[in-house]
Amino acid sequence: MTRDLTVGKPLKTIVLFTLPIFVGNVFQQLYSMIDAIIVGHTISNDALAGVGATGAISFLVIGFVQGLTAGFAVKTSQLFGAKDEDGVRRSIASSLLLCAALSVALTAVAVLTTMPLLKLMNTHPDIIGYSYDYIVTVYWGLTATVFYNMASSVMRAIGDSRTPLIFLIAAAVLNVAFDFLFIVAFKMGVAGAGWATTLSQALSAIGCFIYLFAKFKKCRIKREHFKNPFKFYRKHLAIGLPMALQFSITAVGVMVQQTALNGLGKSAVTAYTAASKIDNLAAQPLYALGSAVATYCGQNYGAGNIERIRKGVRVSMLAGVVCSLAGLA
């Protein structure tokens with residue numbers, strides 16, 4: 001079911017759209033915590049520290065992917081708000097092509113720079129092997145991550161924030177099951193955790209696209225929808241790249257912090273890994289709210305409801321303050 005965010009009271013509309021995203025984000029954090037618990041208990045504390053030490057460089061690339069796909073979907077939401085069904089199909093087709101090309105480039109750059117970055121960040125010699133084995137596996141599966149995020153973003157762009165939650169829960173369950181299969185049964189070590197994440201996201205991405213094209217007629221693309229002028233692709237990049245870079249710039253600060261933390265020893269890295277999982281839970285309402293507001297603004301911009309955008313931004317800022325205070329408590 002799609003939700004038209006151009007009608008209804010702004011606060012109620014935004015909150016109802018935010019809730020499934022928030023639940024999904026929390027669920028994702030919980031299964032990330034389970035990942036860490038499985039690695040720590042089935043392999044070693046060094047393995048847990050090694051996985052934790054990849055958080056910053058993982059955020060650098062995965063955050064870029066999340067920002068990029070969310071940015072592409074903003075253009076989709078604008079066309080959806082403008083009731084331009086052909087434009088929605090062309091936007092989805094353009095996003096598919098751009099994501100395919102960027103997946104190849106990102107994978108190559110990420111894999112080649114993994115070990116140099118880990119060394120630059122002073123990763124402890126006892127855990128750097130675990131760090132490399134885990135994160136390089138995740139990077140090899142970046143294509144699955146890109147298309148999983150793209151499919152979820154497109155569904156939110158057309159007003160469906162519930163279905164991505166369902167597929168996220170499915171991915172989480174699969175991820176935990178694959179963790180036990182690859183780490184415990186197949187003895188693949190921390191690389192098994194990486195492959196579990198990749199495979200679960202790949203299956204969920206396939207499921208998302210099957211559902212998207214089967215359920216929503218306005219999203220069914222044909223060959224002609226890929227034949228767009230360069231400026232149409234450029235418009236997607238003009239929104240997607242700044243959002244992607246925003247995430248990556250934040251990640252650079254996290255990398256500096258991680259470098260300082262690595263200098264305190266692997267015990268400190270292990271402790272930080274555990275604590276950061278809990279800390280991330282408190283920030284999820286803000287992440288969910290930001291994602292919801294981006295779609296809200298996109299649809300209303302496409303519909304030409306500028307005053308409604310202003311009202312939505314004002315009430316969402318107040319909601320963000322409330323969420324921040326609740327997180328502090």
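Heads up: the structure comes first, above all this text.
My aim in this report is to walk through the structure given alongside it, one point at a time.

Parameters at a glance
- Residues numbered from 1 in each chain as written.
- Predicted model: local features only at pLDDT ≥ 70, side-chain atom pairs only at ≥ 80, totals over all residues.
- Heavy atoms only, no water.
- Helix = DSSP H or I, 4+ residues; strand = E, 2+ residues; numbered from the N terminus.
- Buried < 20%, exposed > 50% of the residue type's maximum accessible area, 1.4 Å probe, protein only.
- Contact = heavy atoms within 4.5 Å.
- Salt bridge = Lys/Arg side-chain N within 4 Å of Asp/Glu carboxyl O.
- Core = buried A, V, L, I, M, F, W, Y, C linked by side-chain atoms within 4.5 Å.
- Axes fitted to C-alpha atoms, helices over the stretch in contact; angles between N-to-C directions.
- Parallel < 35°, antiparallel > 145°, perpendicular 65-115°, else oblique.
- Left-handed = near helix turned anticlockwise from the far one by under 90°.

1. Details of the side chain of Thr76
Move 1: Tracing the backbone through its elements, the reader meets Thr76 in helix H3 (residues 55-81).
Move 2: The exposure class of Thr76 is buried, given its relative accessible area of 0%.
Move 3: The contacts of Thr76, once residues within four sequence positions are left out, are Val88, Ser91, Ile92 and Ala157.

2. Points about the pattern of salt bridges
Move 1: Under the criterion given, the structure shown has five salt bridges.
Move 2: When the shortest N-O distance is used, the salt bridge between Asp4 and Lys83 registers 3.0 Å. Taken together, the residues Asp4 in the segment before helix H1 (10-42) and Lys83 in the loop between H3 and helix H4 (85-120) connect sequence positions 79 residues apart.
Move 3: Accessibility expressed as a relative area gives 27% for Asp4, which makes it partly exposed.
Move 4: The class for Lys83 is exposed, based on a relative accessible area of 57%.
Move 5: With a closest N to O distance of 3.2 Å, Glu307 and Arg310 form a salt bridge. Linking Glu307 with Arg310, this pair stays in helix H11 (residues 306-328), spanning three residues, or about one helical turn.
Move 6: A single salt-bridge network, built from bridges that share partners, covers Glu307, Arg310 and Arg314.

3. Some thoughts on the nonpolar core
Move 1: One finds Tyr139, Leu142, Met150 and Leu212 to be the most contacted residues of the largest nonpolar core, which totals 52 residues.
Move 2: When residues in this core are grouped by element, the largest group, 10 residues, is from H3.
Move 3: If we skip the residues at most four places from it in the chain, Leu212 touches Val154, Met155, Ile158 and Cys219.
Move 4: By size, the runner-up hydrophobic cluster in this structure holds 11 residues, among which are Ile21, Ala288, Tyr296 and Cys297.

4. A short note on the packing of H4 against helix H6 (residues 142-157)
Move 1: In the contact formed by H4 and H6, the axes pass within 9 Å of each other and the chain directions differ by 150 degrees. The angle between H4 and H6 falls in the class roughly antiparallel. Note that H4 runs across H6; the crossing there is right-handed. Contacts from Ile92, Ser95, Leu96, Cys99, Ala100, Ser103, Leu106, Thr107 and Ala110 in H4 reach Leu142, Thr143, Val146, Phe147, Met150 and Val154 in H6.

5. Some points on the side chain of Ser77
Move 1: Summarising the element assignment, Ser77 is placed in helix H3.
Move 2: When sequence neighbours within four positions are dropped, the list of residues in contact with Ser77 reads Ala157, Ala294, Thr295, Gly298 and Gln299.

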